[in-house]
Amino acid sequence: MTRKTSRRRFLAAAAATTGAALAARSIPAWARPAPQAQVAVTPQLSVFGYSQVQLLDSPFRRQFDQNHDLFLHLDEDAMLKPFRQREGMAAPGPDMGGWYDNADDFTPMENFHAFIPGHSFGQYLSGLARAYAVTGSKPTQEKIHRLVTGYAKTVDPAGKFYEDYRLPAYTFDKTCCGLIDAHQFAADPDALQVLWSSTQAVLPHLPEKALSRPEQRARPHKDIAYTFDETYTLPENFFLAYQRSGDSRYRDLAVRFIEKEYFDPLANNQNVLPGEHAYSHVNALSSAMQAYLVLGDEKYLRAATNGFRMVEEQSYATGGWGPDEAFVVPGTGALDASLGFTHSSFETICGCYGHFKITRYLLRVTGDSRYGDSMERVLYNTIGGALPLLADGTTFYYSDYNNSAKKVHYRDKWPCCSGTFPQLTADYGISTYLQSKDGIYVNLFLPSRVSWQQNSTPVTLTQTTEYPARNTSQFEFKLAKAETFTVYVRIPAWAGPKSVLSVNGRAVEKELTPGKFLALQRTWKDGDRMDLELHMPLRLESIEEQSPNTVALIYGPTALFGAGEMPERITRQQLLAATAAAPSSEDWTVKTDAASLTLRPFSSIMSEPYRLYQRVES
Ligand SMILES: [Zn+2]
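Computed from a prediction, not measured in an experiment: that's the story for all the values here.

J.: Describe the confidence of the model for the protein chain, listing the residues and the values that go with them.
T.: Counting all residues, the mean pLDDT for the protein chain is 94, and 95% of those residues have values of 70 or more. Every residue in residues 1–5 is under pLDDT 50, and counting partners more than four places away or in other chains gives 4 contacts. Across residues 11–24 the pLDDT falls below 50, and counting only partners more than four positions away or on other chains, this stretch makes 15 contacts in the model.

This is the structure we're talking about:
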């Protein structure tokens, strides 16, 4: 069977398993959270099970299917090879290459081959477990079981794997997540036991507490790469392991690795982000959220809320952040300056994964639609335009916002972003809708179907849309019998006054307030239909306060990138007078004094040079 045929069959099988049958698939009782785990806070919104939300055909469904297919066919011996090698076991199969290999030619800042052997194994396992939960694909579940069994054989209580290992916490954190997900989403019977052995193996190689990078640099180290570890991201997964297993030792470990030096100032609204590694410190905010949920200390919610707001305050128009993977000092013009010196503007895949995770936590706890607005901004303007992951580990990594930018794959194979990609794409569904006691939140506008029980009545809601290329979304309800509940629809903060929501063809009388969820409480019946039309005005956003004349043109949620030749001179009025080029394309045309400029969304950019920010005269 050729790879092409096998891929076609795979996609057909994946499509066949979607739908209502999956919503009924239940997780065995033993794979549910341990009843003895104490959790202080239950958020007002909860996530649906992965099988309850099915993305329908769209670029995002295709991204998910591609990643699922790629990891389902990845060589298992190759995935396990670095673990077997470091334990002195027979290690058949090919090397994966790139960061993943176990070899000795890594040279800090020069050669990243064998940088962190086996680092993303846990993320590949997690991505497969979530993909199984979405699709119910048996071959995927069987692969997860084989990988957990194979990995378990390499776990040695003496922790040989982690001897002289550059980033033990970094790799363990991902392995921990993978094993939790294998247990929770793929019902792997051994994963929790393996997680405990794995925890014992890594502990002797971890410091006594979370260490910042400066603290690591202040301690003796073999070379600079030994100071890159990320112990401060550990609590989220340790708290999750506690909730899964009920074992309070995980809770104690979570508390031990909370980075107080980061969260305490953030809780007091003190911006300690500048200079920090961007993705790992956004990811650490999810540890603050787990600390808040499990321990109930509001300080951690304040830390996460303030920290995320500070990230947004130094974001690009796409929602991306962290030029050269670092936070800048706000108010210094550093973001504008970054357009001139770096092509590594936003670590897109890991950044989106961390961004979706923290915004989902904050949305669940606060019910504030700004977090949904933030999700859609990064969805359409960054990850939606990422180049696909290739079977040899070639991956997209940085979005480039340089004044002369190009869309390219990353230099090294199997880097961090190859690990977060299958996790991120499996999570699209659970970010699209959320559940409240009184109904459902429609958070993202993606072609999708969600199935749930409302007051014991089975309900299915199907969303059809070409958003954001088109400004409308249609929703159809299927109910076994009429039922009263509330549908909350996110009205983005940018939505113009001509936005309309109608039910069964009649506009609702409630005012649509941009930046809020609109609550529609009624008795919903089988066949009811809801239509949303969002007025998408064109607007300009400056990169930061210090640079009011460096602007991006934005249409609804979509940032528009200048493509090809850039004109010498362009004005605000000219940009705001942009017109859609043709009904069949997402291009826009701006007439300047000399010529016309084409602008297009990130997802439509191919290999042409492009520019996100234009300089206008004051
Ligand atoms: Zn990455």
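J.: So what's going on with the environment of Tyr-279? Residues and values would help.
T.: Positionally, Tyr-279 belongs in helix H13 (residues 278–295). Taking C-alpha positions, Tyr-279 is 6.8 Å from Gly-354, a pair spaced 75 residues apart along the chain. Dropping the residues within four chain positions of it, Tyr-279 is found in contact with Trp-321, Glu-347, Cys-350, Gly-351, Tyr-353, Gly-354 and Thr-420.

J.: Can you explain the sheet that holds strand E5 (residues 433–436)? Please cite residues and give values.
T.: Here 5 strands make up an open sheet; going across it, the order is E1-E5-E6-E10-E13 and the pairing mixed. Strands with a single pairing partner mark the edges of an open sheet, and in this sheet they are strand E1 (46–47) and strand E13 (516–524). Note: E1 against E5, 2 bridges, orientation antiparallel. The residue of E5 that forms the bridge with Val-47 is Leu-434.

J.: Quick one: what's the story with the state of the cysteines, residue by residue and with numbers?
T.: Under the counting rule described, the total for this entry stands at 0 disulfides. With no disulfide of its own, Cys-177 lies closest to Cys-176 among cysteine sulfurs, the gap being 7.4 Å.

J.: Before we move on, can you summarise the coordination of the zinc ion with the specific residues and values?
T.: Six octahedral donors at a metal ideally form angles of 90 or 180 degrees, and four tetrahedral donors ideally form angles of 109.5 degrees. Looking at the metal site, the zinc ion is ligated by Glu-347 (OE), Cys-350 (SG), Cys-416 (SG) and Cys-417 (SG), spaced 2.1 to 2.4 Å from it. Here the zinc ion is ringed by 4 donor atoms whose angles at the metal span 94 to 126°, and the overall shape comes out tetrahedral. Counting the intervening residues between successive donors of the zinc ion yields the motif E-x2-C-x65-C-C. For the residue pair Glu-347 and Cys-350, the accessibility class agrees, reading buried in each case.

J.: Before we move on, can you summarise the packing of aromatic side chains with the specific residues and values?
T.: Counted under the stated rule, the structure contains 47 aromatic pairs. Arranged with centres 5.3 Å apart and planes meeting at 40°, the rings of Tyr-262 and Phe-263 form a pair that is tilted. When sorted by exposure, Tyr-262 lands in the same class as Phe-263, which is buried. On the basis of an interplanar angle of 75° and a centroid distance of 6.1 Å, the ring pair of Phe-602 and Tyr-610 is categorised as edge-to-face. Using a relative accessible area of 0% as the deciding quantity, one classes Phe-602 as buried. For Tyr-610, a relative accessible area of 1% translates into the label buried. Pairwise contacts between aromatic rings join Phe-83, Phe-121, Tyr-151, Phe-161, Tyr-162 and Tyr-165 into one cluster. It is Arg-249 that lies over the ring of Trp-196; its NZ or CZ is 3.9 Å from the centre. The ring of Phe-602 is capped by Lys-407, whose NZ or CZ atom sits 4.3 Å from the centre of that ring.

J.: Outline the environment of Leu-253, listing residues and values.
T.: Along the chain, Leu-253 turns up in helix H11 (residues 248–256). The sequence separation of Leu-253 and Thr-199 amounts to 54 residues, and the corresponding C-alpha distance is 9.9 Å. For Leu-253, the contacting residues outside a window of four places in its chain are Thr-199, Leu-203 and Phe-238.

Procedures and definitions
Residues numbered from 1 in each chain as written. Predicted model: local features only at pLDDT ≥ 70, side-chain atom pairs only at ≥ 80, totals over all residues. Heavy atoms only, no water. pLDDT = per-residue confidence, 0-100. Contact = heavy atoms within 4.5 Å. Helix = DSSP H or I, 4+ residues; strand = E, 2+ residues; numbered from the N terminus. Pairing = 2+ DSSP bridges. Disulfide = S-S within 2.5 Å. Donors = N, O, S within 2.8 Å, 3.2 Å for Na, K, Ca; no water. Tetrahedral: all angles 85-135°; square planar, octahedral: opposite > 155°, others 65-115°. Buried < 20%, exposed > 50% of the residue type's maximum accessible area, 1.4 Å probe, protein only. Phe/Tyr/Trp six-rings, centres within 6.5 Å; stacked < 30°, edge-to-face > 60°. Lys NZ or Arg CZ within 6 Å of the ring centre and 35° of its normal.

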